[in-house]
There are 2 protein chains.
Amino acid sequence: MTLPEPAFLAVDWGTTNRRVYAIDATGAVVARERDDRGVLGVAAGAFPAEVEAIRARMGPLPMLCAGMVGSTRGWVEVPYLPCPAGFGDLAAGLHRIDARTAIVPGLSSTTARGGDVMRGEEVQLLGSVVAGMAPADALLCQPGTHCKWARLAGGSVTGFRTTMTGELFALLKRHSLLSDFLSAEPVDGAAFREGVAAAQDATLLGDLFGVRANILLGHRARADAASYVSGLLIGSDVREQAIAPGEHVHVLADPGLGALYGVALSLLGASPVLLDSAAAFVAGMTHIWRHDDAFES
Amino acid sequence: MTLPEPAFLAVDWGTTNRRVYAIDATGAVVARERDDRGVLGVAAGAFPAEVEAIRARMGPLPMLCAGMVGSTRGWVEVPYLPCPAGFGDLAAGLHRIDARTAIVPGLSSTTARGGDVMRGEEVQLLGSVVAGMAPADALLCQPGTHCKWARLAGGSVTGFRTTMTGELFALLKRHSLLSDFLSAEPVDGAAFREGVAAAQDATLLGDLFGVRANILLGHRARADAASYVSGLLIGSDVREQAIAPGEHVHVLADPGLGALYGVALSLLGASPVLLDSAAAFVAGMTHIWRHDDAFES
């Protein structure tokens, strides 16, 4: 009996968190770790030492990195690839640090409203297709601090739009007049759904102040405020996308947040499909690694 | 020749700022001061000493206070009066601290979306009518950290709605991903007007993230970001009110912020009328003082 042998390391290197996967030749994860050594937690110049430490723990293997590690605040600034972009473009645009280490480029999108950018989400998006989790033509949603809404056609990302939904919730929770009311964890229920419904009137600035007023006047329970505000913001986010009735939306997220988006999408007439974002990332990185000849292994 | 003789003191005692006016029998201001001793700057229990200090500086006169001084965080919690409410209601609801000192009550409003509250703005609203600055039937706007939109009919406040516009701008400026871009003072110009226009699509969550993306991609000048975001927020605020084309909106504000609301209102088809909010406050307090028999002078 032999233990599975890792073939390469895939790093999802974000702003505040970092996830490392050791992946075997079949694309299966044989080891993983998650920590808070995102790019803001790593001093400029300290990235080579970080990578050496990862290899010391996880194995002396080829390494593919994606995410904010390729930004101005990261290790090396890797230019955005314009949409439409597929796996071939990502592989061609790999930034090679050395013979065994590379960074996947982010994408840019130009819409009627100007430009948009992503770093890291493109691997999940394309990975969900090669993993058979999403069709080659799809609308995908990646909730989080900054929520990405992306269109895929023929297995390429054709365009996307980012919303500030999660960051706005965090700002309101930490620094606003509503801070005292938002300590609870948002959950699905009557208050969340009322928020989603209210958001369809597109009166967010008034509805946010109304949270405090309605608590002061005894019209809303203080304990429900976080769920209601979450519903207002997620409901606004979904409304902004003008999704066609019945359209499938593939949601790549952690289960908790993904479930809330799923509820909002269903309430607003779309057909959500919840996907495992970590599995999509692993599938995407494995696809890039397999189809790149330049890596020494 | 005699100097004008002050007859009473009017205090606009807000959360972070305090304005004190010494007013003569004709309603003219004979002295004024402004400082940062809002209710958050005064310890619980220290209000009597504060009032004594004001009288020591400004004169041993009757004193009318309005604003957050009447809230749970203030001197005494004074119950909200429900709309519709006019001067007679404010006078009847005065909370008398002693024979020479009283606090004006705030108002509450119940709308289709639940409740809303104000403290201090009611004096400006009703004062603008007795001063002849606004008609007895009017839509009024009081921009600020929390912007009030109030309807008056027959000289009473019949209802109002508060928006979180100014606070949201402050949160974005101080604590968000956009902080680095928002240090400039917002001014009217192409960027502000572009923000107002964009806000009519009701896609605020996406437009906010787009500010950063468009700067990164070279589509927008960094120096214009604050004006554009101000336009997005003020444009959203005005849009949320669904103002009838050509309707007069009386704006009670400091000149800078009032001018930006005036531009947005004009661009969106309303007819703004800019009013002096301090003059409206003084007129309102004078009216209450004149018609109240309970004060010893």
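From a predicted model like this one, the values you see are computed outputs, not experimental measurements.

Enquirer: Can you help me understand the interface of chain A and chain B in this one?
Expert: Interfaces are often sized by the accessible area lost when the parts come together. Each partner contributes to the interface: chain A provides 48 residues, whereas chain B provides 48 residues. Interface area, chain A with chain B, both sides summed: about 3,800 Å², of which 64% is carbon and sulfur. Across the contact surface, chain A and chain B share two salt bridges. Measuring nitrogen to oxygen at the nearest pair gives 2.7 Å for the salt bridge that ties R161 of chain B to D207 of chain A. The tally of links from chain A across to chain B stands at 18 residue pairs in polar contact (both at pLDDT 80 or more). Element by element, the count of residues in the side of chain A that touches chain B is highest for helix α6 (residues 204-216) of chain A, at ten residues. Split into classes, the residues belonging to the side of chain A that touches chain B amount to 20 nonpolar, 15 polar and 13 charged.

Enquirer: What's the story with the environment of A184 of chain B in this structure? I'm lost.
Expert: Residue and element names in this part refer to chain B. For A184, the position within the fold is in the loop between α4 (165-175) and α5 (190-198). Classification of A184 by relative accessible area gives partly exposed; the value is 31%. Sequence spacing of A184 and P48 is 136 residues, and the spatial spacing of their C-alpha atoms is 40 Å. Not counting residues up to four positions away in its chain, the partners in contact with A184 are K173, A223 and A226.

Enquirer: Even after reading the chapter, I still don't get the packing of helix α5 (residues 190-198) of chain A against helix α7 (residues 225-240) of chain A, so can you show me in this structure?
Expert: For any two helices packed against each other, the geometry comes down to the angle between their axes and how far apart the axes lie. Residue and element names in this part refer to chain A. The interhelical angle for the contact between α5 and α7, taken along N-to-C directions, is 35 degrees, at an axis separation of 6 Å. Seen from above, α5 lies across α7 with right-handed handedness. In this structure, α5 uses A191, F192, E194, G195, V196 and A198 to contact α7, whose residues at the interface are S227, Y228, S230, G231, L232, I234 and G235. Grouping the amino acids of the contact of α5 with α7 by side-chain chemistry returns seven nonpolar, five polar and one charged.

Enquirer: For this particular structure, what's the right way to read the relation of the copies chain A and chain B?
Expert: The transform that puts chain A on chain B rotates by 180 degrees and translates by 0.0 Å along the axis, for an RMSD of 0.0 Å. Overall, the copies show the geometry of a two-fold rotation axis. Mapped onto chain B, 100% of the interface residues of chain A are again interface residues, and the two copies thus contact each other with one and the same surface.

Enquirer: Please explain the domain arrangement of chain A as it appears in this structure.
Expert: All names here are of chain A. According to the domain assignment, chain A contains domain 1 (6-133 + 278-290) and domain 2 (165-276). Counting residues at the interface gives seven residues for domain 1, matched by four residues for domain 2. Summed over both sides, the interface of domain 1 with domain 2 buries roughly 480 Å², with 55% coming from carbon and sulfur. Our count for the domain 1 to domain 2 interface comes out at zero salt bridges. On inspection of domain 1 and its partner domain 2, the count reaches three residue pairs in polar contact (both at pLDDT 80 or more). Where the side of domain 1 that touches domain 2 is concerned, the elements lending two or more residues are α3 (121-130) and α9 (277-290). Across the side of domain 1 that touches domain 2, the residue classes break down as five nonpolar, two polar and no charged.

Enquirer: In this structure, what is going on with the packing of aromatic side chains? I would like to understand it.
Expert: Each aromatic ring pair is characterised by the separation of its centres together with the angle its planes make. Inspection of the entire model under this criterion finds ten aromatic pairs over all chains. Consider the rings of W149 of chain A and Y261 of chain A, whose centres lie 6.3 Å apart with planes at 50 degrees: the pair is tilted. With W149 of chain A in strand β11 (residues 147-153) and Y261 of chain A in helix α8 (residues 255-267), the pair connects residues that are 112 residues apart, well separated along the chain. Here F47 of chain B and W75 of chain B contribute two aromatic rings whose centre-to-centre distance is 5.9 Å and whose plane-to-plane angle is 10 degrees, an arrangement assigned as stacked. A residue pair is termed long-range when its members are at least 10 positions apart, and F47 of chain B in helix α1 (residues 47-58) and W75 of chain B in the loop between β4 (63-67) and β5 (81-82) qualify at 28 residues. Of the aromatic side chains, those joined through ring pairs into one cluster are W13, F47 and W75 of chain A. One residue, R119 of chain A, lies across the ring of Y80 of chain A, its end atom 4.2 Å from the ring centre. The positively charged end of R220 of chain B is found above the aromatic ring belonging to Y228 of chain B, 3.8 Å away from the centroid.

Enquirer: How should I be thinking about α8 of chain A in this particular structure?
Expert: Note: α-helices contain 3.6 residues per turn, so residues at a spacing of three or four share the same orientation. For α8 of chain A, with 13 residues, the first-to-last C-alpha span of 18 Å sits near the 18 Å given by 1.5 Å per residue. Of the residues flanking the end of α8 of chain A, it is G269 of chain A, one or two places downstream, whose phi is positive at about 95 degrees.

Enquirer: Help me out: how do you make sense of unusual backbone geometry in this one?
Expert: Excluding glycine, most residues fall at negative phi; most peptide bonds, likewise, are trans. For the bond from C83 of chain A to P84 of chain A, the omega torsion is 0 degrees, close enough to zero to count as cis. Within the element layout of this structure, P84 of chain A appears in the loop between β5 (81-82) and α2 (87-92). For A242 of chain A, which is not glycine, the phi dihedral falls at a positive 45 degrees. Looking at where A242 of chain A falls in the secondary structure, it is placed in the loop between α7 and β13 (248-253). At A202 of chain B, a residue that is not glycine, the phi angle is positive and equals roughly 55 degrees. With respect to the helices and strands, the residue A202 of chain B is situated in the loop between α5 and α6 (204-216).

The rules behind the values
- Residues numbered from 1 in each chain as written.
- Chains lettered and ligands numbered in written order.
- Predicted model: local features only at pLDDT ≥ 70, side-chain atom pairs only at ≥ 80, totals over all residues.
- Heavy atoms only, no water.
- Contact = heavy atoms within 4.5 Å.
- Buried area = accessible area lost by both parts, 1.4 Å probe.
- Salt bridge = Lys/Arg side-chain N within 4 Å of Asp/Glu carboxyl O.
- Polar contact = N/O pair within 3.5 Å; in protein donor to acceptor, adjacent residues only side chain to side chain.
- Helix = DSSP H or I, 4+ residues; strand = E, 2+ residues; numbered from the N terminus.
- Nonpolar A, V, L, I, M, F, W, Y, C, P; charged D, E, K, R; others polar.
- Buried < 20%, exposed > 50% of the residue type's maximum accessible area, 1.4 Å probe, protein only.
- Axes fitted to C-alpha atoms, helices over the stretch in contact; angles between N-to-C directions.
- Left-handed = near helix turned anticlockwise from the far one by under 90°.
- Least-squares fit on C-alpha atoms with pLDDT ≥ 70 in both.
- Domains from an automatic or database assignment.
- Phe/Tyr/Trp six-rings, centres within 6.5 Å; stacked < 30°, edge-to-face > 60°.
- Lys NZ or Arg CZ within 6 Å of the ring centre and 35° of its normal.
- Expected span 1.5 Å × (residues − 1).

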